[in-house]
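Here are the chains, one letter per residue:
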Amino acid sequence: MTTPARGKRERPAASLASLLALALLVPAALPARAAGGEAATGLTAPDSALGFDRNTVGEVQGQAAGLVVPDQGLVRFRLQTASGPYLVVTAPPWYWRQLKLPLADGVEVVVEGSKSLAADGERIVVARCLRLLPDGRTMVFRDYRGRPMWEIGPRPGQPRQP
């Protein structure tokens, strides 16, 4: 029986089996598609894979409209700014409901978040926080690194998942 050369390790067959299993599981983790190319979140397919990039964080201010609180996916709304519309993506519905955020059409808000463009050119902001200008109330959805508050764990005054 020969031994592997110094510094080299044999790769057990289990590693190959693990890679094959991973290759089979990855497609199952992707968002399901609904009719018309929409992901189950209600966002178009390119938008469903949104991430938070600290290098693109900025603020946008405008009027909120068209709040969508889906059964699954992320709560979103349109923000009409002086430079045009944005799609603002926030948090899961259970988290949004526990925050009890009153966001009626026409309310002036400031959203801080990661800005990006969808494949179709739509401007998107993955919200870190949202401030209602009428009363100054602020809701935090992600920490400064972009980690979702609902995944980090509850903080004082933050909602818990049901």
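Residues numbered from 1 in each chain as written. Predicted model: local features only at pLDDT ≥ 70, side-chain atom pairs only at ≥ 80, totals over all residues. Heavy atoms only, no water.

## A few points about the environment of Val88
Right, so step 1: Along the polypeptide, Val88 turns up in strand S3 (residues 84-89).
Right, so step 2: By relative accessible area, which is 0% here, Val88 ends up buried.
Right, so step 3: Considered as a pair, Val88 and Ser114 are 26 residues apart in the sequence and their alpha carbons are 9.8 Å apart. (Helix = DSSP H or I, 4+ residues; strand = E, 2+ residues; numbered from the N terminus. Buried < 20%, exposed > 50% of the residue type's maximum accessible area, 1.4 Å probe, protein only.)

## Re the environment of Pro102
Right, so step 1: Along the chain, Pro102 turns up in the loop between helix H2 (93-99) and strand S4 (108-117).
Right, so step 2: Using a relative accessible area of 48% as the deciding quantity, one classes Pro102 as partly exposed.
Right, so step 3: Distance from Pro102 to Leu132, taken between C-alpha atoms, is 8.9 Å for residues 30 residues apart in sequence.
Right, so step 4: Sequence-distant contacts of Pro102, that is, excluding residues within four places in its chain, are made with Leu132 and Arg137. (Contact = heavy atoms within 4.5 Å.)

## Focus on the side chain of Thr90
Right, so step 1: Relative to the helices and strands, Thr90 is located in the loop between S3 and H2.
Right, so step 2: Of the residues examined, Thr90 reaches a relative accessible area of 0% and is grouped as buried.
Right, so step 3: Apart from the residues within four sequence positions on either side, Thr90 is in contact with Val75, Arg76, Phe77, Trp96, Ala127, Phe141, Arg142 and Trp150.

## Considering the pairing of strand S1 (residues 57-68)
Right, so step 1: Sheet analysis places S1 next to S4, joined by seven bridges and oriented antiparallel. If you follow Val57 over to S4, its bridge partner there is Ser114.
Right, so step 2: Pairing between S1 and strand S2 (residues 76-81): four bridges, direction antiparallel. Residue pairing in the sheet places Gln63 in a bridge with Gln80 of S2. (Pairing = 2+ DSSP bridges.)

## Comments concerning the pairing of S4
Right, so step 1: Direction of pairing for S4 relative to strand S5 (residues 123-132): antiparallel, over a ladder of nine bridges. Within S5, the position partnered with Val111 by the bridge is Leu130.
Right, so step 2: Hairpin remark: S4 followed by S5, antiparallel, with five residues in the connecting loop; positive phi at Gly121, about 90°.

## Things to note about the nonpolar core
Right, so step 1: Of all hydrophobic cores here, the largest spans 25 residues; its most connected members are Phe77, Leu79, Tyr95, Leu103, Val109, Val111 and Phe141.
Right, so step 2: For Val109, the contacting residues outside a window of four places in its chain are Val60, Gln61, Gly62, Phe77, Leu79, Leu103, Arg131, Leu132 and Leu133. (Core = buried A, V, L, I, M, F, W, Y, C linked by side-chain atoms within 4.5 Å.)

## Let's talk about the packing of aromatic side chains
Right, so step 1: Enumeration over the complete set of coordinates arrives at three aromatic pairs.
Right, so step 2: Note on Trp94 and Tyr95: the rings are 5.6 Å apart at their centroids and 85° apart in plane angle, and the pair reads as edge-to-face.
Right, so step 3: Trp94 sits in the buried class, given a relative accessible area of 16%.
Right, so step 4: A centroid spacing of 6.0 Å and a plane angle of 10° characterise the contact between Trp96 and Phe141, whose relative ring orientation is stacked. Note that Trp96 is positioned in helix H2 and Phe141 in the loop between strand S6 (138-140) and helix H3 (149-152), a separation of 45 residues in sequence.
Right, so step 5: Given a relative accessible area of 4%, Trp96 falls into the buried group.
Right, so step 6: A relative accessible area of 0% places Phe141 in the buried class. (Phe/Tyr/Trp six-rings, centres within 6.5 Å; stacked < 30°, edge-to-face > 60°.)

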